[in-house]
Amino acid sequence: MEQTINWSDLSFGYMKTDYNIRRYYRNGSWGELEVSSSESINIHISSTCLHYGQESFEGLKAFRGQDGRIRIFRPEENARRMQASSRGIMMAEQPVELFMEAVEKAVRLNERFVPPYGSGASLYIRPLMLGLGALIGVKPADEFVFLVFVTPVGPYFKSGFRPAPVCIMRDFDRAAPLGTGNIKVGGNYAASLVAGSKAHEAGYVAVLYLDPKEKNYIDECGPANFFGIKDNTYVTPASSSILPSITNKSLIQLAGDMGLKVERRPVPVSELASFEEAAECGTAAVVTPISRIDDLDENRSYVYSSDGKPGAVCEKLYRKLLGIQTGDEEDPYGWVHIL
Ligand code: PLP
Ligand code: COI
C-alpha cells in the first residue's frame with residue numbers, strides 16, 4: 001500500500017524506504033553492488049563491529065529543487081571522510097567512485113521518498129561500514145560490508161531553525177586528545193550517550209564539549225561543530241578531537257564570500273562572553289543557532305538570543321547554505337551533485 005507522508009511534519013527519525021545498498025569487501029577487493037529490500041543484515045556473532053566497535057558511518061542529504069531535480073550535497077567529501085575513518089580504525093578504504101555509485105543508486109531507487117520542494121524536509125543518506133568475520137582477538141577484520149540506506153527527515157533539533165540552549169559539563173569527554181574524535185566512528189557516539197541524555201533531561205538540545213586534555217577550549221557539540229560570530233568574524237575551533245564538518249567547511253567558504261573574516265583556531269571558553277552569535281552546524285543540524293550556553297560547572301551563562309530569533313549572520317548563512325542545497329541559489333563552488 002502506498003503510504004502518505006506528511007512531509008512538513010517529519011522529525012529526524014527512521015522511516016522504512018524501499019531499498020538499501022550493500023557491497024562486501026572480501027579477499028582483498030570490493031565486490032559488486034547489491035540491492036536489497038530487507039532492513040536486516042546477517043552477520044557473524046563474532047564480527048569486530050559488534051565487539052570492538054570497528055564501524056564507521058556518514059551522513060549526507062539529498063534535496064528536491066523547485067525544478068523537480070534531486071541534488072545531493074557534497075557527497076565526494078563524505079566519501080573521502082569515510083576513507084579517513086577507514087584508515088583510523090583499520091578498515092578497507094572504499095574508492096570514491098564506488099561510494100558515489102552506491103549513494104546515487106540508493107537515492108534513485110528511493111526517489112519517491114525525496115521530500116517535495118518547500119516542505120522543509122530532505123532525504124537523509126546514511127552510509128555505514130562494518131568489520132565482519134569470525135574473530136575474537138582484538139585485531140582488524142579482513143572482511144567488511146558497506147551499506148547505504150536512506151530515510152526522509154525533518155529538523156534534527158525539535159526547535160528547527162530557532163535558537164536552542166546547550167550546556168557545558170566537564171565530567172564527560174566524547175573523544176580522547178589523540179583518539180578517534182576526528183573521524184566518524186560509532187564509539188564516539190556511544191561515549192556521548194550518558195552526557196547527551198543528562199543534557200536532554202536538563203532541557204538542553206546538546207552538550208558543548210570542551211577539549212579533553214585541558215578543558216579550556218571549545219571542541220564541538222555532540223552531533224555538530226560550533227561557530228561563534230563577533231566583530232564581523234566567523235570563529236570556529238581548530239582541534240584534533242573534533243570531526244571535520246562538511247557543513248562547517250561550506251559555511252567557512254560562504255562566510256568569507258559574504259565579507260566576514262574567518263578564524264579557525266583554538267577557542268578558549270573565556271571567549272564565549274565576547275560572541276554576538278553562536279551556533280551548531282552539521283548535516284543534520286544544518287545551522288542551529290544557540291540561544292544560551294550554560295556552563296554548569298562554573299555556574300555561568302552566555303546568552304546569544306533571548307527573543308527566540310536567530311542572529312542576523314546565522315540567518316544569512318543558513319539561508320545561503322539551504323538555497324544552494326535546494327538549487328534556489330547559484331552553486332558557484334560545484335558543491336551540488338545533481339542526479
Ligand atoms: N561533529 C560531529 C560529532 C558530527 O557527528 C557531525 C555530523 O556529521 C558533525 C560534526 C557535522 O559534520 P557534517 O557537517 O559533515 O555533517
Ligand atoms: C549528521 O549530521 O549527519 C550526523 O551524523 C549527526 C548525527 C545524527 C550523529
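Since the structure is predicted, the reported quantities are computational estimates derived from the model, not experimental observations.

### Here's the deal with the site of ligand 2
Right, on to step 1. Taken together, F12, F57, G59, Y124, R126, Y156, K184, Y189, P223, T283 and A284 make up the full set of residues near ligand 2.
Right, on to step 2. A distance of 2.6 Å is found between an oxygen atom of ligand 2 and a side-chain nitrogen or oxygen belonging to Y124.
Right, on to step 3. Backbone polar atom of A284 to an oxygen atom of ligand 2: 2.8 Å apart, as the coordinates give it.
Right, on to step 4. In the complex, 89% of the free accessible area of ligand 2, which totals 280 Å², lies under the protein chains.
Right, on to step 5. In terms of residue class, the shell around ligand 2 is built from 7 nonpolar, 2 polar and 2 charged.
Right, on to step 6. Both of domain 1 (7-153) and domain 2 (164-325) provide at least three residues apiece to the shell around ligand 2.

### Looking at the site of ligand 1
Right, on to step 1. Near ligand 1 you find 16 residues, and of these Y189, E220, S245, T247 and T283 are the closest.
Right, on to step 2. A distance of 2.7 Å separates an oxygen atom of ligand 1 from a polar atom in the side chain of R81.
Right, on to step 3. Interatomic distance of 2.9 Å between a side-chain N/O atom of K184 and an oxygen atom of ligand 1.
Right, on to step 4. In isolation ligand 1 offers 380 Å² of accessible surface; the protein chains occlude 96% of this area.
Right, on to step 5. Contributions of two or more residues to the shell around ligand 1 are made by α6 (246-257) and β15 (277-282).
Right, on to step 6. Split into classes, the residues belonging to the shell around ligand 1 amount to 6 nonpolar, 6 polar and 4 charged.

### Comments concerning the pattern of salt bridges
Right, on to step 1. What the rule picks out here adds up to 23 salt bridges.
Right, on to step 2. The partner of R69 in a salt bridge is D67, and the shortest N-O contact between them spans 3.4 Å.
Right, on to step 3. Residue R69 is classed as partly exposed on the basis of its relative accessible area of 44%.
Right, on to step 4. Its salt-bridge partner being E263, residue K261 comes within 4.0 Å of it at the nearest N-O pair.
Right, on to step 5. If you follow the salt bridges from partner to partner, you end up with K230, K261, E263, R265 and E271 in one network.

### So, the packing of helix α2 (residues 75-88) against helix α3 (residues 96-109)
Right, on to step 1. In contact at an axis separation of 9 Å, α2 and α3 are set at 125 degrees when each is read in the N-to-C sense. In terms of orientation, α2 and α3 fall into the oblique class. Taken as a pair, α2 and α3 cross one another with a handedness that is right-handed. For the pair α2 and α3, the contacting residues are P75, E76, N78, A79, R80, M82 and Q83 in the first and V96, F99 and M100 in the second.
Right, on to step 2. Within the contact of α2 with α3, the residues separate by chemical class into 6 nonpolar, 2 polar and 2 charged.

### Focus on a nonpolar patch on the surface
Right, on to step 1. Taken together, the side chains of Y52, I136 and V138 make up a nonpolar region of the molecular surface, amounting to roughly 340 Å² of accessible area.
Right, on to step 2. When you line up the elements, V138 lands in the loop between β7 (122-132) and β8 (143-153).
Right, on to step 3. On the basis of relative accessible area, V138 is assigned to the exposed category, the value being 70%.

### Focus on the domain arrangement of the protein
Right, on to step 1. Assigned domains of the protein: these are domain 1 (7-153) and domain 2 (164-325).
Right, on to step 2. Inter-centroid distance (C-alpha atoms) of domain 1 to domain 2 is 26 Å.
Right, on to step 3. Taken together, the contact pairs 20 residues of domain 1 with 18 residues of domain 2.
Right, on to step 4. Together domain 1 and domain 2 conceal approximately 1,600 Å² of surface at their shared face, both sides included; 64% is due to carbon and sulfur atoms.
Right, on to step 5. Of all residues in domain 1, the largest losses of buried area upon contact with domain 2 belong to F57, F73 and R81, amounting jointly to 37% of the total for that side.
Right, on to step 6. On the surface where domain 1 and domain 2 come into contact, there are 1 salt bridge.
Right, on to step 7. There are 8 residue pairs in polar contact (both at pLDDT 80 or more) connecting domain 1 and domain 2.
Right, on to step 8. Within the residue set of the side of domain 1 that touches domain 2, elements represented by two or more residues are β4 (55-57), β5 (60-64), β6 (70-73) and α2.

What counts and how
Residues numbered from 1 in each chain as written. Chains lettered and ligands numbered in written order. Predicted model: local features only at pLDDT ≥ 70, side-chain atom pairs only at ≥ 80, totals over all residues. Heavy atoms only, no water. Near = heavy atom within 4 Å. Polar contact = N/O pair within 3.5 Å; in protein donor to acceptor, adjacent residues only side chain to side chain. Areas by Shrake-Rupley, 256 points an atom, 1.4 Å probe, with all protein chains shown as cover. Nonpolar A, V, L, I, M, F, W, Y, C, P; charged D, E, K, R; others polar. Domains from an automatic or database assignment. Helix = DSSP H or I, 4+ residues; strand = E, 2+ residues; numbered from the N terminus. Salt bridge = Lys/Arg side-chain N within 4 Å of Asp/Glu carboxyl O. Buried < 20%, exposed > 50% of the residue type's maximum accessible area, 1.4 Å probe, protein only. Axes fitted to C-alpha atoms, helices over the stretch in contact; angles between N-to-C directions. Parallel < 35°, antiparallel > 145°, perpendicular 65-115°, else oblique. Left-handed = near helix turned anticlockwise from the far one by under 90°. Contact = heavy atoms within 4.5 Å. Patch = residues over 30% accessible without salt bridge, like charges linked within 9 Å, V, L, I, M, F, W, Y side chains within 5 Å. Buried area = accessible area lost by both parts, 1.4 Å probe.

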